[in-house]
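# Summary of the model geometry
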Amino acid sequence: MQVLASPAVTNLTLSSPSRAQSTALEGDVVRLGERPEAGPKPPWIKSKAETTGEQARPLSGWARGISLVLVGAIGAGALAGCSRPPEPPPISESQTQAQQALDKAFDEADQLLQKSKDDDAKEQATRRVMSAVGEYARKTGRSAQQVASDLRGYMVEHPVLTLSVAYAVGVGAGIGLEKLGLSDSVATSVESIKQAIKDHPILTGVVVVAAAAAVGYVIYEAVQTEATEVPPPPSTPEAEKLRSEFEALEQQAAQSTGNTREDAARIDRSLKEKIAEYARATGRSVEQVGGEIQQFYIDNPGVSAAVVLAAGVGTGVVLERAGVPATVARAASVALNSSKDGLAGVGEAIKEHPVLATAVGIGVAAGAGYLIHQAVTN
């Protein structure tokens, strides 16, 4: 068997070579076991020694070792690439339907923002997305990290929606909005967001990726908090009496415009006494009492806020100890600390976070229940 090298071509044509043209010439035959003589090097290829005058130096032992490691790694990667990758887990029909529903919700929310110039559209679009994310998480059973990862692709595809949601849920700070000429003010309009994205198309991608991670976690943890099952309180005379005492303390909180800490401490002491009396009257354990009156805390946000503020510990820290998700705990802390009218302004401060108001209210109530439980137990 002969390995033939093509002869020098003198006439270049676009026609296919004939069998006669591909016949080997004398001296073109290369026999197995022989090394052909190297032909003249083309004049445009020069070695480093020819161009710089430097002579090649042999690799040091250290450099040769590094080279061997790199070659080995490349070879291992090549071999690994030849093997068949593992099959991805099958996607169930319910997961496919959940993804389609989520995709549709993002499109609808984005269209709402594109058509409307009303700033209320931010809240409406955010609520639409949050509802869809909650349904998606419920149907797929995905964790917070997984859901946040799943949402990233949808958010990158809808930059106006993503930044609008970031403002609505209060995570505008720290995601690079200043790069787009935007502030982290919640009052930033949808039209300003649209114009900023138009003016900075390249930087928008970077900011949206940062926003997607923050927004994904907030949405997931907010909808999970709102979905917390709260048992109805018992319909007993003792429970009804305790309900009325909660409501009386709520009235005190609504009238508190002076020293917030003092008023909060007074309400906190009174509530602990009332709950201790309820436990004695019903013969219930601390765990049972705490579980069956959760709704009272939710229905009376001023009382819950007073208990949390009276703890003398950072609000966010207390709520996280109570099991409240970190992002919801931070939002609750901002709401409580921003109240300028004492306990009377707590309800209004929570309402200033319309999208997260429900989650914040539940979070504060959880924190109050936890603190009362700790106090009664000790």
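Residues numbered from 1 in each chain as written. Predicted model: local features only at pLDDT ≥ 70, side-chain atom pairs only at ≥ 80, totals over all residues. Heavy atoms only, no water.

Here we come to the overall build of the chain. Looking only at helices and strands, one finds 17 helices and two strands in the chain. In the chain, buried positions account for 35% of the 378 residues. As displayed, the chain offers around 22,600 Å² of accessible surface, 54% of which is attributable to carbon and sulfur atoms. (Helix = DSSP H or I, 4+ residues; strand = E, 2+ residues; numbered from the N terminus. Buried < 20%, exposed > 50% of the residue type's maximum accessible area, 1.4 Å probe, protein only. Areas by Shrake-Rupley, 256 points an atom, 1.4 Å probe, with all protein chains shown as cover.)

Here we take up empty space enclosed by the protein. For the structure on display, the rule yields one cavity of 30 Å³ or more. Together, Ile275, Ala279, Val286, Val289, Gly290, Ile293, Tyr297, Gly369, Ile372, His373 and Val376 line the largest cavity. When contributions to the lining of the largest cavity are tallied by element, the ones reaching two or more residues are α10 (260-282), α11 (286-292) and α17 (357-377). Classifying every residue of the lining of the largest cavity gives eight nonpolar, three polar and no charged. (1 Å grid on protein atoms, 1.4 Å probe; cavity = no way out; pocket = protein on both sides within 12 Å on 5 of 7 lines; lining within 4 Å. Points joined across faces, edges and corners; volume = space filled by probe spheres on them. Nonpolar A, V, L, I, M, F, W, Y, C, P; charged D, E, K, R; others polar.)

Our next topic: the layout of surface pockets. Its volume calculated, the largest pocket comes out at about 510 Å³. In this structure, the largest pocket is lined by 26 residues; those nearest its centre are Tyr167, Val169, Gly170, Val171 and Val186. Contributions of two or more residues to the lining of the largest pocket are made by α4 (120-140), α6 (159-168), α8 (201-226) and α15 (326-337). Per element, the largest residue contribution to the lining of the largest pocket is four residues, and it comes from α15. In terms of residue class, the lining of the largest pocket is made up of 15 nonpolar, four polar and seven charged.

Along α6, nine of the 10 residues are buried, which leaves the element largely enclosed by surrounding structure. Here α6 has its buried residues at Val160, Leu161, Thr162, Leu163, Ser164, Val165, Ala166, Tyr167 and Ala168. Residues of α6 that are buried make contact with α3 (93-115), α4, α5 (144-157), α7 (190-199) and α8. Immediately downstream of α6, the backbone of Gly170 shows phi near 80°, a positive value. (Contact = heavy atoms within 4.5 Å.)

Once that is clear, we can look at the pattern of salt bridges. Evaluated as defined, the whole model comprises 11 salt bridges. Between Lys274 and Glu245 there is a salt bridge, and its shortest N-O distance comes to 3.9 Å. Taken as a pair, Lys274 in helix α10 and Glu245 in helix α9 (residues 237-254) lie far apart in primary sequence, 29 residues in all. Taken together, the shared-partner salt bridges connect Glu135, Arg138 and Lys139 into one network. (Salt bridge = Lys/Arg side-chain N within 4 Å of Asp/Glu carboxyl O.)

With that out of the way, let us pick up the nonpolar core. Ranked by size, the top nonpolar core spans 89 residues in total, and within it Leu163, Ile219, Leu271, Ile275, Tyr297 and Leu356 carry the most contacts. With 10 residues, the top contributor of residues to this core is α8. Once you skip the residues sitting within four places of it in the chain, Leu163 turns out to touch Leu177, Leu180, Ile193, Ile197, Val207, Val208 and Ala211. (Core = buried A, V, L, I, M, F, W, Y, C linked by side-chain atoms within 4.5 Å.)

The subject of this paragraph is α4. Compared with an ideal rise of 1.5 Å per residue, which puts 21 residues at 30 Å, α4 spans 30 Å between its outermost C-alpha atoms and is within 8% of the ideal. Within the span of α4, buried status applies to Ala121, Lys122, Ala125, Thr126, Val129, Met130, Ala132, Val133, Tyr136, Ala137 and Thr140. Its buried side turned inward, α4 meets α3, α5, α6, α7 and α8. Two residues or fewer after α4 comes Gly141, characterised by a positive phi angle close to 70°. (Expected span 1.5 Å × (residues − 1).)

At their nearest, the axes of α6 and α7 sit 10 Å apart, and the two run at 135° to each other. The angle between the axes of α6 and α7 places the two elements in the oblique class. The chirality of how α6 crosses α7 is right-handed. Note on element contacts: α7 touches α6 through Val190, Ile193, Lys194 and Ile197, opposite Pro159, Val160, Leu163, Ser164 and Tyr167. The residue makeup of the contact of α6 with α7, split by class, is seven nonpolar, one polar and one charged. (Axes fitted to C-alpha atoms, helices over the stretch in contact; angles between N-to-C directions. Parallel < 35°, antiparallel > 145°, perpendicular 65-115°, else oblique. Left-handed = near helix turned anticlockwise from the far one by under 90°.)

In the structure shown here, the tally under the stated rule is three aromatic pairs. With centroids separated by 5.3 Å and ring planes inclined at 20°, the aromatic side chains of Phe106 and Tyr154 adopt a geometry described as stacked. Remark: Tyr154 occurs in helix α5 and Phe106 occurs in helix α3; sequence separation between them is 48 residues. In this pair, the class of Phe106 matches that of Tyr154, namely buried. Arranged with centres 5.2 Å apart and planes meeting at 90°, the rings of Phe246 and Tyr297 form a pair that is edge-to-face. Separated by 51 residues along the polypeptide, Phe246 in helix α9 and Tyr297 in helix α12 (residues 294-299) bring together distant segments of the chain. For the pair formed by Phe246 and Tyr297, the shared burial category is buried. A network of ring pairs unites the aromatic residues Phe246, Phe296 and Tyr297 as a single cluster. (Phe/Tyr/Trp six-rings, centres within 6.5 Å; stacked < 30°, edge-to-face > 60°.)

Turning our attention to the confidence of the model for the chain. Considering every residue of the chain, the mean pLDDT works out to 77; 74% of them sit at 70 or more. Confidence scores differ between elements of the chain, with helix α2 (residues 61-82) showing the lowest mean pLDDT of 40 and α9 the highest of 94. With pLDDT under 50 throughout, residues 1-52 is counted as low confidence; its partners more than four residues away or in other chains account for 20 contacts. (pLDDT = per-residue confidence, 0-100.)

One can find Asp110 in helix α3. Buried charged residue Asp110 carries no salt bridge. Nearest counter-charge: Lys194, at 8.5 Å. Among all residues touching Asp110, those that are not within four sequence positions of it are His158, Val160 and Leu161. (Lys, Arg positive; Asp, Glu negative; His and termini not counted.)

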